[in-house]
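# Breakdown of the fold
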Amino acid sequence: MKEPVPSQLFEKWKGVPDKPGVYVMKDAKGKIIYIGKALNLKKRTASYFNRSEQPDPKTSAMVGRIFQFDTIVTDSEKEALILESNLIKRYRPKYNVILKDGKRYPSICINLENPFPFLSIVRKIENNGSAYFGPYSSSAAVSQTIKMINKTFKLRKCRTQQSKRKRPCLYYQMNECLAPCCFEVPHETYHKMVEEVMLFLNGRTPNLMNQLKAEMKQLSEQQKYEQAAVIRDKFFSLQKTLEKQIIVSNDFQDRDVIALAEEEDLSMITLIIVRGGFLLGTSHYEISETMATREEKIETFLKQYYEDDRFIPKEILISEPIESKTIIEGILKERKGLKVTISEPKKGQKAKLVKMAFVNSEKELKERIRARTSRTDILARLQKKLGMETCPRRIECFDNSNISGESPVAGMVVFQNGFPEKSSYRKYKIRSVEGPDDYASMYEVLQRRFRDHSDNRQPNPDLLIVDGGKGQLGIAVSVLWQLKLENTFSIIGIAKKNQLTGEAQDKIYQPGRGNPVNLSQDGDLLLFLQQIRDEAHRFAISFHRKQRVKNLVKSAIDDIPGIGPKRKKMLLKHFKSIKRIRAADISEIIELPGMDENIAKQLLQHLQKT
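Quick caveat: nothing in here was measured; it's all calculated off a predicted structure.

Our focus in this paragraph is the packing of helix H5 (residues 139–152) against helix H7 (residues 187–201). Orientation of H5 relative to H7, taken along the N-to-C sense of each, is 145°, at an axis distance of 12 Å. Crossing angle aside, the handedness with which H5 passes H7 is right-handed. Every residue of H7 that contacts H5 at Thr145, Met148 and Ile149 is listed here: Val197, Phe200 and Leu201.

Now the structure itself:
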């Protein structure tokens with residue numbers, strides 16, 4: 001049966017030219033919901049406005065949201081591809097494939113702009129002259145790699161500038177650092193070590209071992225046995241690492257292998273990184289709610305993943321043929337400076353690599369669907385147990401944190417469809433409460449959260465959780481009653497068990513009910529609510545620690561008019577301490593650059609009072 005297309009859309013489609021360009025889909029509010037590119041705009045948009053039916057109900061529902069569309073004609077398909085990529089980055093449409101920030105895999109960064117580069121773990125790739133290696137499948141994997149590098153090579157661990165320390169740290173004493181922060185280390189020696197680390201991280205361990213072997217032999221011939229022994233230890237350490245790595249191709253080339261698996265409304269792209277024939281790692285990228293085809297998903301992944309300052313291998317294997325292969329190869333060639341080949345192998349060793357990526361993609365996809373199904377079941381049972389009218393798809397939980405009233409803060413965490421949605425987390429500094437008053441703090445935070453409930457930036461939750469017993473729950477109920485939100489959504493309080501009275505489990509309280517909800521037969525429901533409470537607790541405590549540290553590092557001269565960060569730094573650098581500034585003569589202070597008599601007087605008067 002043919003899908004009904006609004007007449008204004010069909011009439012506008014008739015005038016779409018047979019030229020390359022970009023099309024922009026909008027909903028009834030004029031919001032962009034999808035952006036695509038086409039070699040032939042007329043033919044591509046026909047799949048939305050001039051076909052008998054859509055391939056699946058979900059796509060049909062998405063197309064049904066299109067209220068208007070625009071087209072932008074370009075001179076070539078390459079221009080269309082670049083324009084599409086820029087527009088997607090700018091507007092981030094709901095139904096486009098976007099590699100979201102929520103799950104950034106960790107990478108290792110070496111800042112080559114620094115005279116003495118060091119290793120750091122990052123989750124965001126920036127075009128800042130640094131070299132990036134990865135991504136790694138987990139934080140544990142990247143930490144293990146850095147631990148191995150630290151034991152084998154002597155790169156500095158601290159970020160202190162050269163000659164800033166008076167004495168080296170413990171790593172120098174353990175013979176794991178050359179301590180360029182204290183001593184004069186030749187740049188040639190240090191940068192040779194950086195190059196060795198980069199060879200190792202690029203999967204060139206066999207090449208590096210050959211270099212070390214030749215160097216060790218040369219030193220032995222020169223009877224420099226102690227230096228040769230250092231190289232020997234490094235060689236054996238790398239040999240042990242190499243024994244643990246898996247060889248997946250016997251031509252020892254660099255490749256990225258990309259495969260796509262789909263099931264229900266979820267897609268999974270799996271990336272396998274092969275360097276020098278060795279399998280270095282696997283990462284997965286989830287895609288949901290998109291109007292893109294299989295081909296477009298792979299194509300968009302290629303554009304977005306290699307957009308950052310990542311290492312681009314000479315060969316990329318993909319599971320799906322793509323229309324813009326030649327153009328993307330050209331763009332990647334421009335970035336790398338060497339020819340890059342994209343291919344879809346059908347047989348041989350390369351096809352086996354693609355199959356391996358596809359099997360991993362299917363496995364990860366099924367695991368995530370299973371987890372999502374399990375959470376859906378928990379939410380449905382929780383709705384029934386709490387007597388809620390709607391399923392608690394959005395859950396918000398609040399917790400306070402302070403030490404004897406010092407630096408009081410609160411945190412809000414959000415669980416969407418049973419999983420943390422960290423982009424919606426919120427931090428609150430308590431403004432109106434003095435001293436350790438958790439009830440007043442909870443009152444202030446809930447007032448601030450729900451006072452402007454008409455604000456669409458944060459929708460109301462289906463379930464509100466407050467960390468605490470009947471007292472905190474009563475505060476929350478009174479706030480919602482004052483704001484006329486008492487029947488808008490459900491609310492519960494979660495209190496920890498009292499071990500002194502022999503309580504077996506945490507308690508869940510509801511408004512108007514004296515006894516806690518009986519969850520003795522529903523341990524997984526209680527565990528789920530505890531997980532949300534513990535996440536709110538962790539989030540609030542981490543924010544509180546940052547605030548305390550920030551307050552601790554404030555000095556006695558921070559609030560003096562005319563003393564900004566530069567003058568403060570200069571004063572502390574010259575006098576070394578607040579005590580010495582207080583004891584200094586005004587003439588000594590005036591002699592410093594940027595200081596005059598008026599500011600010096602204010603400074604000394606303030607310090608004498610404190």
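Still to come is the rest of the account.
The end-to-end C-alpha separation of helix H19 (residues 597–609) is 19 Å, in line with the 18 Å expected for 13 residues at 1.5 Å each. Those residues of H19 that sit buried are Ile599, Ala600, Leu603, Leu604 and Leu607. In a view along the axis of H19, the buried residues occupy a sector of 130°, so they form one face of it. For H19, the exposed residues set more than 90 degrees away from the buried face come down to Asn598, Gln608 and Lys609. The N-cap residue of H19 is Asp596: its side-chain oxygen and the backbone nitrogen of Asn598 are 3.2 Å apart.

To continue, consider the sheet that holds strand S1 (residues 21–26). The strand order across the open sheet built from three strands is S2-S1-S3, with neighbouring strands paired in antiparallel fashion. Where the open sheet ends on each side, the last strands, each with one partner, are strand S2 (32–38) and strand S3 (68–73). When strand polarity is set aside, the average angle formed by the axes of neighbouring strands in this sheet is 15°. Against the sheet, helix H2 (residues 41–49) touches S1, S2 and S3, its axis set at about 25° to S1. Against the sheet, helix H4 (residues 77–91) makes contact with S1, S2 and S3, and its axis sits at roughly 165° relative to S2, the strand it touches most.

The next thing to look at is empty space enclosed by the protein. Evaluated as defined, the whole model comprises two cavities of 30 Å³ or more. By volume, the largest cavity is sized at about 90 Å³. Every residue lining the largest cavity is listed: Tyr34, Gly36, Lys37, Glu84, Ile88, Asn96, Val97, Ala292, Glu296, Glu299, Thr300 and Lys303. Here the lining of the largest cavity gets four residues from one element, more than from any other, and that element is helix H10 (residues 294–305). Partitioning the lining of the largest cavity into residue classes produces four nonpolar, three polar and five charged. Counted as a void, the second largest cavity has a volume near 30 Å³.

Under the defined criterion, the tally for this structure stands at 30 salt bridges. Residues Asp522 and Lys385 are paired through a salt bridge, measuring 3.3 Å at the closest nitrogen-oxygen approach. You can see Asp522 sitting in the loop between strand S19 (507–509) and helix H15 (523–552) and its partner Lys385 sitting in helix H12 (residues 348–386), a full 137 residues away along the chain. Here Asp522 falls in the buried class, since its relative accessible area comes to 14%. One network of salt bridges, with partners in common, ties together Asp377, Arg381, Lys385, Asp522 and Asp524.

Turning next to the packing of aromatic side chains. Within this structure, the stated rule accounts for 12 aromatic pairs. Between Phe398 and Phe450, the ring centres sit 6.4 Å apart and the planes meet at 55°, which makes this aromatic pair tilted. On the criterion of sequence distance, the pair formed by Phe398 in strand S13 (residues 394–403) and Phe450 in helix H13 (residues 438–450) is long-range, its members being 52 residues apart. When the ring of Phe415 is compared with that of Phe528, the centres are 6.4 Å apart and the planes differ by 80°; the resulting orientation is edge-to-face. Taken together, the residues Phe415 in strand S14 (residues 406–416) and Phe528 in helix H15 connect sequence positions 113 residues apart. Phe528 shares its class with Phe415; the two are buried. Ring-pair connections join several aromatic residues into one group, and the members of that group are Tyr285, Phe301, Tyr305 and Tyr306. Here the guanidinium or amino end of Arg375 rests over the ring plane of Phe419, the centre of that ring lying 5.1 Å away.

A word on the packing of H4 against helix H11 (residues 325–336). Taken N-terminus to C-terminus, the directions of H4 and H11 make an angle of 70°; their axes are 10 Å apart at the nearest point. By the angle between their axes, H4 is roughly perpendicular relative to H11. By crossing handedness, the relation of H4 to H11 is classed as right-handed. Note on element contacts: H11 touches H4 through Ile327, Ile328, Ile331 and Glu334, opposite Glu77, Lys78, Leu81 and Ile82. Residue classes in the contact of H4 with H11 are distributed as five nonpolar, no polar and three charged.

Once that is clear, we can look at the confidence of the model for the protein chain. Chain-level pLDDT for the protein chain is 82 on average; 90% of the residues reach the 70-or-more range. By mean pLDDT, strand S7 (residues 246–247) is the weakest element of the protein chain at 64, and strand S11 (residues 315–318) is the strongest at 94.

So, about the sheet that holds strand S4 (residues 107–110). One open sheet holds the three strands; their spatial order is S5-S4-S6, and the pairing between them is antiparallel. The open sheet is flanked by strand S5 (119–122) and strand S6 (131–133), the only strands paired with a single partner. With strand direction ignored, the average angle separating the axes of adjacent strands in the sheet is 30°. The pairing of S4 with S5 spans four bridges and is classified as antiparallel. What sits directly across from Ile108, in S5, is Ile121. Packed onto the sheet, H5 meets S4 and S5 and runs at close to 180° relative to S5. Contacts between H7 and the sheet are confined to S4, S5 and S6, with S4 contributing the most and set at about 160° to the helix.

Bringing unusual backbone geometry into the picture now. If you check the backbone angles, Asn417 has positive phi at about 55° while not being a glycine. Position of Asn417 among the secondary structure elements: in the loop between S14 and strand S15 (419–420). We classify Asn417 as partly exposed; its relative accessible area is 34%. A positive phi is found at Lys484, a non-glycine position, where the angle reads about 60°. Locating Lys484 in the fold gives a position in the loop between helix H14 (470–482) and strand S18 (490–495).

Another aspect to go through is the state of the cysteines. Working definition: the covalent bond between the sulfur atoms of two cysteines is a disulfide. Scanning all chains against the criterion turns up zero disulfides. The cysteine Cys182 is free of any disulfide, with Cys181 supplying the nearest cysteine sulfur at 4.1 Å. Taking the relative accessible area as the measure of exposure, Cys182 reaches 18% and is therefore buried.

Rules used in this analysis
- Residues numbered from 1 in each chain as written.
- Predicted model: local features only at pLDDT ≥ 70, side-chain atom pairs only at ≥ 80, totals over all residues.
- Heavy atoms only, no water.
- Axes fitted to C-alpha atoms, helices over the stretch in contact; angles between N-to-C directions.
- Helix = DSSP H or I, 4+ residues; strand = E, 2+ residues; numbered from the N terminus.
- Left-handed = near helix turned anticlockwise from the far one by under 90°.
- Contact = heavy atoms within 4.5 Å.
- Expected span 1.5 Å × (residues − 1).
- Buried < 20%, exposed > 50% of the residue type's maximum accessible area, 1.4 Å probe, protein only.
- Arc of directions from axis to C-beta.
- Polar contact = N/O pair within 3.5 Å; in protein donor to acceptor, adjacent residues only side chain to side chain.
- Pairing = 2+ DSSP bridges.
- 1 Å grid on protein atoms, 1.4 Å probe; cavity = no way out; pocket = protein on both sides within 12 Å on 5 of 7 lines; lining within 4 Å.
- Points joined across faces, edges and corners; volume = space filled by probe spheres on them.
- Nonpolar A, V, L, I, M, F, W, Y, C, P; charged D, E, K, R; others polar.
- Salt bridge = Lys/Arg side-chain N within 4 Å of Asp/Glu carboxyl O.
- Phe/Tyr/Trp six-rings, centres within 6.5 Å; stacked < 30°, edge-to-face > 60°.
- Lys NZ or Arg CZ within 6 Å of the ring centre and 35° of its normal.
- Parallel < 35°, antiparallel > 145°, perpendicular 65-115°, else oblique.
- pLDDT = per-residue confidence, 0-100.
- Disulfide = S-S within 2.5 Å.

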